[in-house]
Amino acid sequence: MKLGIVGLPNVGKSTLFNAITKAGAEAANYPFCTIEPNVGTVAVPDERLRVLTELYDADRTVYTTIEFYDIAGLVKGASKGEGLGNKFLGHIREVAAIVHVVRCFDDDGIVHIGGAPDPARDIETIGMELIFSDLDAIERRIDKTRKALKGDKALEKELSLLQRVQEALLSGVSARAMELGEDERAYVSSLDLLTGKPVIYAANIAESEAGSESENDYVKAVRRIAENEGADVVVLAAKVEAELAELGDEDRQAFLEELGIGESGLGKLVRASYHLLDLISFLTAGKPEVRAWTINRGTKAPQAAGKIHTDFERGFIRAETIAYEKLIECGGLARAREKGLVRSEGKDYIVSDGDVIHFLFNV
């Protein structure tokens, strides 16, 4: 899974990226310090894997991963090439979802490209550039489809839908906010439009506000916008996340408790991305390896097996399955079998989050 971190210059994108990936991307107090996207691969925190590793005395623990792309700051006119904008917008097309960092604090010592933070204006600036870029792509697609028509009914239907998307974009409505049927949604998704990608707004607050029960007016403004768009919001302090990144596991947890923060920014982003993209994890466990596998919610057992190896899906026989919680309650698989809690599931079984599965196959 790839997530792109975007926003205006100097809102804390690279600071947040450094914190959650420990990749050491440059963070500086001037626009366009990031030109090529920095990429960092992060293990998805999952306490269940640690517990299973201890239970099985496993030799290896493999976490599922997320790739974060730190994409350079966008400015007004980016879709027309301002601030190398066309290049930056192209990087966004490669990601599954967008993490839009919005500055939600005042600091005279940090330059803001708009003079001062204004979440509504800042979000609109980025949003409109994505729309303008999508309009260019849609116009080219419409021209190509119109030339290929020649009485093809399927292409006529496609052209009509493309024109609807164009009208929505011209009225300032993103592709993800359009009311579409299931087949229409699948087609629009295939267009890989920037405004069709799910969005998580990362409200970057001041270090002094971390752990506060009340939210400032900037954050409240971000929440109102996200609610209207059906987007998610994660509130974090990038500077605090940077400090957390330098600590060991025990010290990190103690620091979180001291600040009154229940979860790190990385944990919040992972949860939000799984929610937005409708993802879950199933687990495999044994002495050689304990591992998490990410799949779309609603995936059936054979396709889940295919995530491990194509042979598993091709020769699928059945899946021996138990819920993680029940396995832990029993203290092991042998006791779970005695209690009749290990189920034998067939090809129509829909995998649930936290299922611990052993696949049987024959090829």
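Our subject is the structure listed above.
Because the structure is predicted, anything quoted here is derived from the model rather than measured.

Enquirer: Please provide a residue-by-residue account of the packing of helix α4 (residues 119–148) against helix α7 (residues 217–229), values included.
Expert: Interaxial distance between α4 and α7 falls to 9 Å at its minimum, and their mutual angle equals 45°. Here α4 lies oblique to α7, going by the angle between them. Counted together, Pro 119, Ala 120 and Ile 123 of α4 and Tyr 218, Ala 221, Val 222 and Ile 225 of α7 form the full contact between these two elements.

Enquirer: Explain the nonpolar core to me, and be specific about the residues and the numbers.
Expert: Ranked by internal contacts, the top residues of the largest apolar core, which has 56 residues, are Phe 68, Ile 92 and Tyr 201. In terms of residue count, the dominant contributor to this core is helix α10 (residues 265–277) (6 residues). Counting residues in each nonpolar core, the second largest holds 19 residues, with Ile 131, Ile 138, Ala 175 and Leu 180 among its members.

Enquirer: So what's going on with the environment of Gly 196? Which residues, and what values?
Expert: In this structure, Gly 196 sits in the loop between α6 (182–190) and β6 (199–204). Distance from Gly 196 to Ala 97, taken between C-alpha atoms, is 9.1 Å for residues 99 residues apart in sequence. Contacts of Gly 196, omitting those with residues within four sequence positions, involve Asp 134, Ala 175 and Arg 176.

Enquirer: Report on the pattern of salt bridges, specifying residues and quantitative values.
Expert: Counted under the stated rule, the structure contains 23 salt bridges. One salt bridge in this structure joins Arg 50 and Glu 47, with 2.3 Å as the shortest N-O distance. Taken together, the positions of Arg 50 and Glu 47, both in helix α2 (residues 47–56) and 3 residues apart, correspond to about one turn of that helix. Residue classification places Arg 50 among the partly exposed residues on the basis of a relative accessible area of 37%. In this structure Glu 47 comes out as partly exposed when scored by relative accessible area, which is 49%. Note that Glu 54 and Arg 50 form a salt bridge whose closest N and O atoms lie 2.8 Å from each other. A residue pair is termed a helical-turn pair when its members lie 3 or 4 positions apart in one helix, as Glu 54 and Arg 50 do in helix α2 at 4 residues. Sharing partners across several salt bridges, the network here consists of Asp 46, Arg 48 and Asp 353.

Enquirer: Which residues make up helix α1 (residues 13–21), and what values go with them?
Expert: In terms of residue burial, α1 counts as a mostly covered element, since 8 of its 9 residues are buried. Within α1, burial applies to Lys 13, Ser 14, Leu 16, Phe 17, Asn 18, Ala 19, Ile 20 and Thr 21. Immediately downstream of α1, the backbone of Lys 22 shows phi near 55°, a positive value.

Enquirer: Describe the pairing of strand β10 (residues 316–323), naming the residues involved and giving the relevant values.
Expert: Counted residue by residue, β10 has 6 buried out of 8 residues, so it is predominantly covered. By the bridge criterion, 7 bridges tie β10 to strand β12 (residues 355–361) in an arrangement that is antiparallel. Residue pairing for β12: Phe 316 is matched across the bridge by Phe 361. Note that β10 and strand β11 (residues 343–345) share 3 bridges and pair antiparallel. Each residue of the ladder has a partner; that of Ala 319, found in β11, is Glu 345.

How each quantity is defined
Residues numbered from 1 in each chain as written. Predicted model: local features only at pLDDT ≥ 70, side-chain atom pairs only at ≥ 80, totals over all residues. Heavy atoms only, no water. Axes fitted to C-alpha atoms, helices over the stretch in contact; angles between N-to-C directions. Helix = DSSP H or I, 4+ residues; strand = E, 2+ residues; numbered from the N terminus. Parallel < 35°, antiparallel > 145°, perpendicular 65-115°, else oblique. Contact = heavy atoms within 4.5 Å. Core = buried A, V, L, I, M, F, W, Y, C linked by side-chain atoms within 4.5 Å. Buried < 20%, exposed > 50% of the residue type's maximum accessible area, 1.4 Å probe, protein only. Salt bridge = Lys/Arg side-chain N within 4 Å of Asp/Glu carboxyl O. Pairing = 2+ DSSP bridges.

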